Amino acid sequence: MRAEFINPFIHSLQRAFLTMLNCSVQRGQLSLNSDSRASHEISGVIGLTGQAVGAVVLSLSRPVALKAASTMLLCEYSEINEDVVDAVGELANMVAGAAKAELEQYSLAVSLPNVITGKDHEIHFPSNVTPICIPFSSPWGPLALEVGLATLQNAETERISGSRESDTGISA
């Protein structure tokens, strides 16, 4: 996967948390995600299609999800409920939408967010995509961003050859 795909999502997540939630996040070490289990208890999933295909997952620990929803909705939440699920979906939508704007050359369409809850829930990316997991820390707790995206040309090449592209030009 190319750095040009990852960096807009990293920047978008950092901006969304800072501007919408007044919460700074620090990026951790990137890794390839070979496990379908989500990093944390609640995940907002957005599908991406166009001249590239894949998905982005915003996976939040329970404390981060509750504090983010409380901040966004100006109401204190202590349990994951419908409002918290909606807030996580909206955050995932903001992150994907802002990143999409930086990836105009791929004519991406963004799906409606789906939110999955529960410990060790699984998220499956398209078979020709190996997602990159970007962990973040925040004053509220841990969260992670998983991005799996391939251009249609690369997706077809990878399907035929079984190879995967890598790039280490990921920004901070």
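Residues numbered from 1 in each chain as written. Predicted model: local features only at pLDDT ≥ 70, side-chain atom pairs only at ≥ 80, totals over all residues. Heavy atoms only, no water.

(A) Looking closely at helix 2 (residues 62-73). In this model, helix 2 (12 residues) spans 16 Å end to end at C-alpha, consistent with the 16 Å of a helix rising 1.5 Å per residue. Within the sequence span of helix 2, burial applies to V64, A65, L66, A68, A69 and S70. Taken from the residues just after helix 2, L74 is the one with a positive phi, measuring 55 degrees. (Helix = DSSP H or I, 4+ residues; strand = E, 2+ residues; numbered from the N terminus. Expected span 1.5 Å × (residues − 1). Buried < 20%, exposed > 50% of the residue type's maximum accessible area, 1.4 Å probe, protein only.)

(B) Molecular detail of the nonpolar core. One finds F9, L13, F17, L60, I134, L143 and L145 to be the most contacted residues of the largest nonpolar core, which totals 44 residues. At the level of secondary structure, the elements contributing two or more residues to this core comprise helix 1 (3-21), strand 3 (42-49), strand 4 (52-60), helix 2, helix 3 (82-102), strand 7 (132-138) and strand 8 (141-151). Examining the composition of this core, we find that nine residues originate from one element, helix 3, more than from any other. In this view, F17 contacts N22, C23, V25, L60, V64, L91 and L143; residues no more than four positions away in its chain are not counted. Within the second largest apolar cluster, six residues are counted, among which are A38, A55, I123 and F125. (Core = buried A, V, L, I, M, F, W, Y, C linked by side-chain atoms within 4.5 Å. Contact = heavy atoms within 4.5 Å.)

(C) Summary view of unusual backbone geometry. For L74, which is not glycine, the phi torsion reads 55 degrees and is therefore positive. Summarising the element assignment, L74 is placed in the loop between helix 2 and helix 3. Phi at S107 is positive, roughly 45 degrees, even though this residue is not glycine. Looking at the element boundaries, S107 is found in the loop between helix 3 and strand 5 (109-110). You can call S107 partly exposed: its relative accessible area is 46%.

(D) Structural detail: the pairing of strand 4. Of all nine residues that make up strand 4, eight are buried, and the element is covered over most of its length. Inspection of the sheet shows strand 3 paired to strand 4 by seven bridges, in the antiparallel sense. Across the sheet, G44 pairs through a bridge with L58, a residue of strand 4. Two elements, strand 4 and strand 8, share nine bridges in a ladder whose sense is antiparallel. Considered in strand 8, the bridge of V57 is made with E146. (Pairing = 2+ DSSP bridges.)

This is a description of form; function is not addressed.
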